[in-house]
Amino acid sequence: MSAVGVILFLCLIIWTIRTTPKAPPQIEKIDPPKIMEYEGNTIVEEKDGVKIWELTTEKIFINSTTQIARFEKVSGKFYQEDGKVLELTANKGTYNQKTKNIHIEGDVELLDGDGGKLTSKKLDWNDAKEILIAREDVKITKDDMQAFGDRAESKDGFKHFFLKGHARVLKGIRNDELGKRNEE
């Protein structure tokens, strides 16, 4: 009987080895994409429950590592304490979620709702200093005033501004009159 017991024991070992499931293949680690792309998105910034600004874009690309958003075809609004709203349009820009700073560029146009208009190549919002900075080919028009410079800064939505670099201000002249004078 001992030979039969040994044979049965060997058969049991062989059966166990053959029927033991194989280890599953290792799961390949998949890193999530670092750049996420969205279409038609809006970013809103609030402080103490009050909306400070909002930006709507045709396309937005968010780097999940750096938390910097890059966007194309921007339109936005900056809300002022007095209830006025500045309306913005530009070709592209970036938003740093850590610093809350915004950089906009390409055919920048900012309208104040009262007939005032700012155009420039670039516009920055510095959140820590709560200041708008327009740079490169800055032009500000309102009523019969036109201001030009390389840079303009404002802490109150361009009601008051500080011009730097090749700065000049023309008063008593409207935009259509300036064009006529330049043609003469």
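Residues numbered from 1 in each chain as written. Predicted model: local features only at pLDDT ≥ 70, side-chain atom pairs only at ≥ 80, totals over all residues. Heavy atoms only, no water.

Engineer: What exactly am I supposed to notice about the overall build of the protein chain here?
Structural biologist: Along the protein chain, the regular secondary structure elements total two helices and 10 strands. Counting from the amino terminus, the protein chain carries its helices and strands in the arrangement α-β-β-β-β-β-β-β-β-β-β-α. Counting only C-alpha atoms and orienting by the principal axes, one finds that the protein chain spans roughly 120 × 40 × 25 Å. Put simply, the protein chain has 184 residues, and 29% of those count as buried. For the protein chain, restricting intrachain contacts to residue pairs at least 6 apart in sequence, the fraction spanning at least 24 positions comes to 32%. Accessible surface computed for the protein chain: about 12700 Å², of which carbon and sulfur atoms make up 54%. Each charge class in the protein chain was averaged separately, 30 positive and 32 negative side chains, and the resulting centres sit 6 Å apart. (Helix = DSSP H or I, 4+ residues; strand = E, 2+ residues; numbered from the N terminus. Buried < 20%, exposed > 50% of the residue type's maximum accessible area, 1.4 Å probe, protein only. Contact = heavy atoms within 4.5 Å. Areas by Shrake-Rupley, 256 points an atom, 1.4 Å probe, with all protein chains shown as cover. Lys, Arg positive; Asp, Glu negative; His and termini not counted. Charge placed at Lys NZ, Arg CZ, Asp CG, Glu CD.)

Engineer: Any chance you could explain unusual backbone geometry here in plain terms?
Structural biologist: Negative phi is the rule for most residues except glycine; trans is the rule for most peptide bonds. Positive phi outside glycine occurs at Lys100, with the angle close to 65°. Positionally, Lys100 belongs in the loop between strand S4 (85–96) and strand S5 (101–111). Residue Lys100 is classed as partly exposed on the basis of its relative accessible area of 25%.

Engineer: For this particular structure, what's the right way to read the packing of aromatic side chains?
Structural biologist: In this description, a pair of aromatic rings is defined by centroid distance and the angle of the planes. Counted by the stated rule, this structure contains two aromatic pairs. Between Trp53 and Tyr95, the ring centres sit 5.2 Å apart and the planes meet at 75°, which makes this aromatic pair edge-to-face. Of this pair, Trp53 sits in strand S2 (residues 50–63) while Tyr95 is found in strand S4, placing the two residues 42 residues apart along the sequence. For Tyr95, a relative accessible area of 7% translates into the label buried. Between Phe78 and Trp125, the aromatic rings sit 6.1 Å apart at their centres with planes inclined by 55°, giving tilted as the arrangement. Of this pair, Phe78 sits in strand S3 (residues 68–79) while Trp125 sits in strand S6 (residues 117–126), placing them 47 residues apart in sequence. (Phe/Tyr/Trp six-rings, centres within 6.5 Å; stacked < 30°, edge-to-face > 60°.)

Engineer: Before we go on, may I ask you to explain the side chain of Asn63 in this structure?
Structural biologist: Position of Asn63 relative to the elements: it lies in strand S2. Given the relative accessible area of 18%, Asn63 is considered buried. Polar side-chain contacts of Asn63 include one of 2.8 Å to the backbone nitrogen of Thr65. Within the structure, the side chain of Asn63 is placed 3.1 Å from the backbone nitrogen of Thr66, a separation counted as a polar contact. Filtering out sequence-adjacent residues up to four positions away, Asn63 remains in contact with Lys34, Ile35 and Ile68. (Polar contact = N/O pair within 3.5 Å; in protein donor to acceptor, adjacent residues only side chain to side chain.)

Engineer: What is the right way to read the nonpolar core from this model?
Structural biologist: For soluble globular proteins, nonpolar side chains are generally found buried alongside one another. In terms of nonpolar packing, the biggest core is built from 28 residues, with Phe71, Ile104, Leu123 and Phe158 touching the most fellow members. Among the elements of the structure, S2, S3, S4, S5, S6, strand S7 (131–142) and strand S8 (145–154) are those that each provide at least two residues to this core. Filtering out sequence-adjacent residues up to four positions away, Leu123 remains in contact with Leu88, Ile102, His103, Ile104, Val108, Leu110, Leu132, Ile133, Ala134 and Phe158. (Core = buried A, V, L, I, M, F, W, Y, C linked by side-chain atoms within 4.5 Å.)

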